[in-house]
Amino acid sequence: MQRAIHIFPEFKNMNMIEGIRKKYDPLFGLVQPHITLVFPFESEIPSSILEKNIKNALAGVNPFPLYLKGITGSLNNYLFLNVKKGNDNIIELHDRLYSGPLFDFISRKHTYFPHLTVGRLKNDNDLLNAINDTRSFEECFETTVNEITSEIIESNGDSTFDFKVSL
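> Any details on the packing of aromatic side chains? Residues and values, ideally.
For the structure shown, the criterion picks out 7 aromatic pairs. Both rings, one in F8 and one in F161, keep their centres 4.9 Å apart while their planes meet at 45°; by these two values the pair is tilted. Here F161 lies in strand 8 (residues 159–166) and F8 lies in the loop between strand 1 (2–7) and helix 1 (14–24), a separation of 153 residues in the sequence. Their ring planes at 65° and their centres at 5.6 Å tell us that F80 and F113 sit as a pair that is edge-to-face. One end of the pair, F80, is in strand 4 (residues 78–85); the other, F113, is in the loop between helix 3 (87–97) and strand 5 (115–120), with 33 residues separating them in the sequence. An aromatic cluster is defined as three or more aromatic residues linked by ring pairs; in this entry it consists of F11, F137 and F141.

So this is what it looks like as structure tokens:
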């Protein structure tokens, strides 16, 4: 089964993110806005074992503030909402989670940097148009991260929550 581990932040103004995603993100309606900590991986690790390992990896990690603002483009025609506060905390979670049984799933081809994807465009021209269209998008998003979620990714792309771990 395919899984991933995310932060699903809750913002008072989430409708602003969803408005951008509806226009630019093919995963709109399939998965909620999220910050990926462990990218999709194929594994038959039982949920109970995975949850235990995640709890051990995150022992001593406390809730932390998260602040997002500004939309930029990235490689492969992605559109990102950028993390302005909480970046180091998210990187720490990412590094801790890729220890133990998830170590073999880390990709060394890409440098990890925290973000919330708000779009994936078909080509460079579409990306440039989306960047120009969102240039004046200056909304701020603030919350406290106090849990992470393991999800199961269904074959049709739908997301099902497997379990949550509190910080």
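> Give a description of the pattern of salt bridges that names residues and reports values.
Considering all chains together, one arrives at 8 salt bridges under this definition. Notably, a salt bridge pairs R3 with D162, separated by 3.0 Å at the nearest N-O pair. One end of the pair, R3, is in strand 1; the other, D162, is in strand 8, and 159 residues separate them in sequence. Judged by relative accessible area, D162 falls into the partly exposed class, the value being 24%.

> Pulling in residues and values, what's your account of the sheet that holds strand 5?
The 4 strands are arranged 5-4-3-6 in an open sheet whose pairing can be described as antiparallel. Looking at strand neighbours, the two that pair on one side only are strand 5 and strand 6 (140–145), the edges of this open sheet. Geometrically, the sheet is characterised by an average inter-axis angle of 30° between neighbouring strands, direction not taken into account. Of the strand pairs in this sheet, strand 3 (residues 64–74) and strand 4 are connected by 6 bridges, and their pairing is antiparallel. Within strand 4, the residue paired with L68 across the bridge is V83. Across the face of the sheet, helix 3 comes into contact with strand 3 and strand 4 while running at roughly 90° to strand 3. Packing against the sheet, helix 4 (residues 124–133) makes contact with strand 3 and strand 4, and its axis sits at approximately 45° to strand 4.

What counts, and at which threshold
- Residues numbered from 1 in each chain as written.
- Predicted model: local features only at pLDDT ≥ 70, side-chain atom pairs only at ≥ 80, totals over all residues.
- Heavy atoms only, no water.
- Phe/Tyr/Trp six-rings, centres within 6.5 Å; stacked < 30°, edge-to-face > 60°.
- Helix = DSSP H or I, 4+ residues; strand = E, 2+ residues; numbered from the N terminus.
- Salt bridge = Lys/Arg side-chain N within 4 Å of Asp/Glu carboxyl O.
- Buried < 20%, exposed > 50% of the residue type's maximum accessible area, 1.4 Å probe, protein only.
- Pairing = 2+ DSSP bridges.
- Axes fitted to C-alpha atoms, helices over the stretch in contact; angles between N-to-C directions.
- Contact = heavy atoms within 4.5 Å.

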